[in-house]
Amino acid sequence: MKKGSRVFAVALAVCLLAGLFLLPAGAETKPVDTKGLTVLFTHDTHDHFYPDANGVGGYPRLATALKNERANAHYPTITVDGGDFSMGSLFQTVYSTDAPELRALGRMGYDVVTLGNHEFDYRQKGLAEMLYAAKQSGEAIPAIVQANYTTPKDVDAGQNLTEAFVNYPVTPYTVVEKDGVKIAVFGVMGVDSDECAPMSGMVYEPMVEAAKRVVAEIREKEQPDFIICLSHGGTDSGKGEDYELAKAVDGIDLIVSGHTHTTLEEPIVVNGTPIVSCGPYTQNLGSITLKKLDAEDEQFTFEDYRLIPIDGSIRADRELETLAERFKQKVDSSYLSDYNMSYDGVLTVAESDFTIPQTGDFIGEAYLETVRKVEGYYGEAVAFAVVPDGVIRGTLAKGEVTTSQAFDILSLGSGADGSPGYPLVSVYLTGRDLKNVFEVDASISALMPAATLYGAGCGWIYNPNRMFLDKVTSVHIYSSHGSGSYGTPKDDQLYRVVADLYSGQMLAAVKEKSFGLLSITPRDKDGNPITDFEQHIIRDSQGRELKAWQAFADYLNDQESVAPAASLHKAVKPSLNPIDLLIPMGAPTAVLVILILLVILVAALLIRRAVRKGKRKGYHPYTGKK
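I will try to describe carefully the structure that is included in this document.

Calculation rules
- Residues numbered from 1 in each chain as written.
- Predicted model: local features only at pLDDT ≥ 70, side-chain atom pairs only at ≥ 80, totals over all residues.
- Heavy atoms only, no water.
- Core = buried A, V, L, I, M, F, W, Y, C linked by side-chain atoms within 4.5 Å.
- Buried < 20%, exposed > 50% of the residue type's maximum accessible area, 1.4 Å probe, protein only.
- Helix = DSSP H or I, 4+ residues; strand = E, 2+ residues; numbered from the N terminus.
- Contact = heavy atoms within 4.5 Å.
- Pairing = 2+ DSSP bridges.
- Axes fitted to C-alpha atoms, helices over the stretch in contact; angles between N-to-C directions.
- Salt bridge = Lys/Arg side-chain N within 4 Å of Asp/Glu carboxyl O.
- Parallel < 35°, antiparallel > 145°, perpendicular 65-115°, else oblique.
- Nonpolar A, V, L, I, M, F, W, Y, C, P; charged D, E, K, R; others polar.
- Polar contact = N/O pair within 3.5 Å; in protein donor to acceptor, adjacent residues only side chain to side chain.

## Concerning the nonpolar core
Formed by 122 residues in total, the largest nonpolar core has its most connected members in Leu102, Leu131, Tyr367 and Phe552. If one sorts the elements of this core by residue count, helix H16 (residues 548-557) sits on top with seven residues. Here leucine 131 is in contact with Leu102, Ile144, Leu161, Ala164, Phe165, Tyr168 and Val170, once residues within four sequence places are set aside.

Pasting the structure below:
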């Protein structure tokens, strides 16, 4: 051996011996066991097989983005969805018969999804049929997890759904293994989501209680490397149901938050749990990498959080395009043919882009005009057609307006007949209740934007500086036909109001939502309170339920072109003038004024008593001297 080699060998031996002596007693030399996982996620995709009017999103592009992310991932990947994967386009019209959503998600390689409130839009029967259709397709479909929304209130009526849950199966949680990494995934529904599914027929368990129970069971039985929660509860920066969920429940490594359509540029970390949201309608694909160092002591971190835009820079996947085309043909033949329409049929041309308020007011005009056509000009007058912000799913964009675009804007729900789309209903409100409807817009919409109201037939003025729940100062009926009349509504007179089925049901919930301070009682034409809104559905000339989207599409089809118009309905007139703040005086302002007067009276009495007491004792009431 050469001299240089001998020196190197001796030096190496010394270093190795030194290393052994420097190790603490009992220490092992095994490498750190680092377990990583990349989670690809979406939520609230709402049947967006194709890009929107702005050219954003679509399942075919999303499929390509998923393939690219999986190919370039440094760790095993799991793909999940936070619910509301259905109800948002004409593809939902074959939801019950063909399950296009679950089959598309399966084709894109989704591992696990949860249910949102819109999966219940076609009620228990529709959801059960969809689950059976997905299973019977024989195609790859994702696992479904749901831990706190599984028991039908009416056990007998819900038997079909119960059996469908078992057959699919829908379970509280599932365990997925990816290249040696064990991931437990569970799903929960938020309370607001439950309230947004009034026809679900399900029993709701508070999601914090359910999450604690399921996480404990997972830890005891499964010992996973990661626990992921798919929540249809919703969150925003520093607030929301999923924020409270993370704060209350230990041991969740990630919450994918759906329902509120939130886009989080960075995760919100609460109680060590990152909460993520990528936005609705396949606008983005979310990606986050979780790492766990030495799983025994649960050292945990996350990195590489990204939102991948699903735009024109991504090539559409041909397999998903073919699948979408197949389902589109089914929509034309099985649904739209009954309305003498087609998916790509052009209804009219929009001369410019509409805003949400302009679209909402235009929809109200469509309701009024369509009801007039169906019932005849001398039919019963409609005082107001109400269109809440929460039911408007898009806007009219400049250019050709197709049937699919019109449907997308009013795509929610189903009717009593089980067919897609909420029907229009006819109810009656007193003039006092009609004012309270507009008070919802003036006072509550600031706290709940979905309650912002648009429509046609009435105009209202409000002062935002007035007392809460007493901001509306003027209401005027300006739309009339047949036996109707213009003018200011009278408190005790009944006025006809048209809305979609869901919005009509929500009118009756205003009293509860406003803690009893506002009361709106939908009534029939004889003044009796309505308990079953389905008995008041308006029907078209063929005896079918008159769908909200159908009224909108027919109105568009009657016009060569459409353009946004200045609102005739809502006017905001701020004022700090004391008279404007007090007159006209509604109950909330009157109560406040009475309380202030009582406080002044009590204060005056106390001062008077003190003065008298001081005089009796010979003390000056203010200086305290005799």
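## Regarding the sheet that holds strand E25 (residues 570-572)
Here three strands make up an open sheet; going across it, the order is E22-E21-E25 and the pairing mixed. Pairing within the sheet leaves two strands with one partner each, and these edge strands are strand E22 (472-477) and E25. Between one strand and the next, the sheet's axes are offset by a mean angle of 10 degrees, whatever the strand orientation. Sheet analysis places strand E21 (residues 458-462) next to E22, joined by five bridges and oriented antiparallel. Its bridge partner lying in E22, glycine 459 is registered against histidine 476.

## A look at the sheet that holds strand E24 (residues 561-562)
With mixed pairing, three strands are arranged side by side in an open sheet as E18-E16-E24. Strand pairing shows two members of the sheet lacking a second neighbour, strand E18 (399-402) and E24, which therefore form its edges. Where strand E16 (residues 346-350) meets E18, four bridges bridge the pair, whose relative direction is antiparallel. Residue pairing for E18: valine 349 is matched across the bridge by glutamate 400. In the packing of H16 onto the sheet, the strands contacted are E16, E18 and E24, and the crossing angle to E16 comes to about 70 degrees.

## Considerations on the pattern of salt bridges
In the structure shown here, the tally under the stated rule is 29 salt bridges. Where glutamate 319 meets arginine 107, a salt bridge forms, and the shortest distance between an N and an O atom there is 3.1 Å. Placement of the pair is glutamate 319 in helix H10 (residues 318-334) and arginine 107 in helix H4 (residues 100-107), with a sequence separation of 212 residues. Classification of glutamate 319 by relative accessible area gives partly exposed; the value is 40%. One salt bridge in this structure joins aspartate 344 and lysine 328, with 2.9 Å as the shortest N-O distance. Of the two residues, aspartate 344 is situated in the loop between H10 and E16 and lysine 328 in helix H10; the sequence distance between them amounts to 16 residues. Residues joined in a network through salt bridges with shared partners are Arg103, Arg107, Glu139 and Glu319.

## Points about the environment of isoleucine 409
Within the secondary structure, isoleucine 409 sits in helix H12 (residues 403-409). Between the C-alpha atom of isoleucine 409 and that of isoleucine 363, which follows or precedes it by 46 residues, the distance is 9.7 Å. Excluding its chain neighbours within four sequence positions, the residues that come into contact with isoleucine 409 are Thr359, Ile363, Val391, Ile392, Arg393, Gly394, Thr395, Leu396 and Phe552.

## Looking at the packing of H4 against H10
Two elements in contact, H4 and H10, have axes whose closest approach is 11 Å; the angle formed by their N-to-C orientations is 170 degrees. With respect to each other, H4 and H10 are oriented roughly antiparallel. Residue-level inspection shows Pro100, Arg103, Ala104 and Arg107 of H4 in contact with H10, the latter providing Glu319, Leu320, Leu323, Arg326 and Phe327.

## Re H16
Most of H16 is tucked away: eight of the 10 residues are buried. For H16, every residue scored as buried is listed here: Ala548, Trp549, Gln550, Ala551, Phe552, Ala553, Tyr555 and Leu556.

## Notes on the packing of helix H11 (residues 356-375) against H16
Two numbers describe how H11 lies on H16: the axes approach to 8 Å, and their chain directions differ by 90 degrees. As far as their axial angle goes, H16 and H11 are roughly perpendicular. From H11, Phe362, Ile363, Glu365, Ala366, Tyr367, Glu369 and Thr370 reach across to H16, where they touch Ala548, Ala551, Phe552, Tyr555 and Leu556. The class makeup of the residues in the contact of H11 with H16 is nine nonpolar, one polar and two charged.

## Re the side chain of histidine 569
With respect to the helices and strands, histidine 569 occurs in the loop between E24 and E25. Within polar-contact distance, the side chain of histidine 569 engages the side chain of aspartate 361 at 3.1 Å. A polar contact of 2.4 Å, which involves the side chain of histidine 569, links it to the side chain of tyrosine 478. Not counting chain neighbours up to four residues away, the residues in contact with histidine 569 comprise Asp361, Glu365, Gly455, Ala456, Gly457, Cys458, Gly459, Trp460 and Tyr478.

Treat this as a map of the structure, not an account of what it does.
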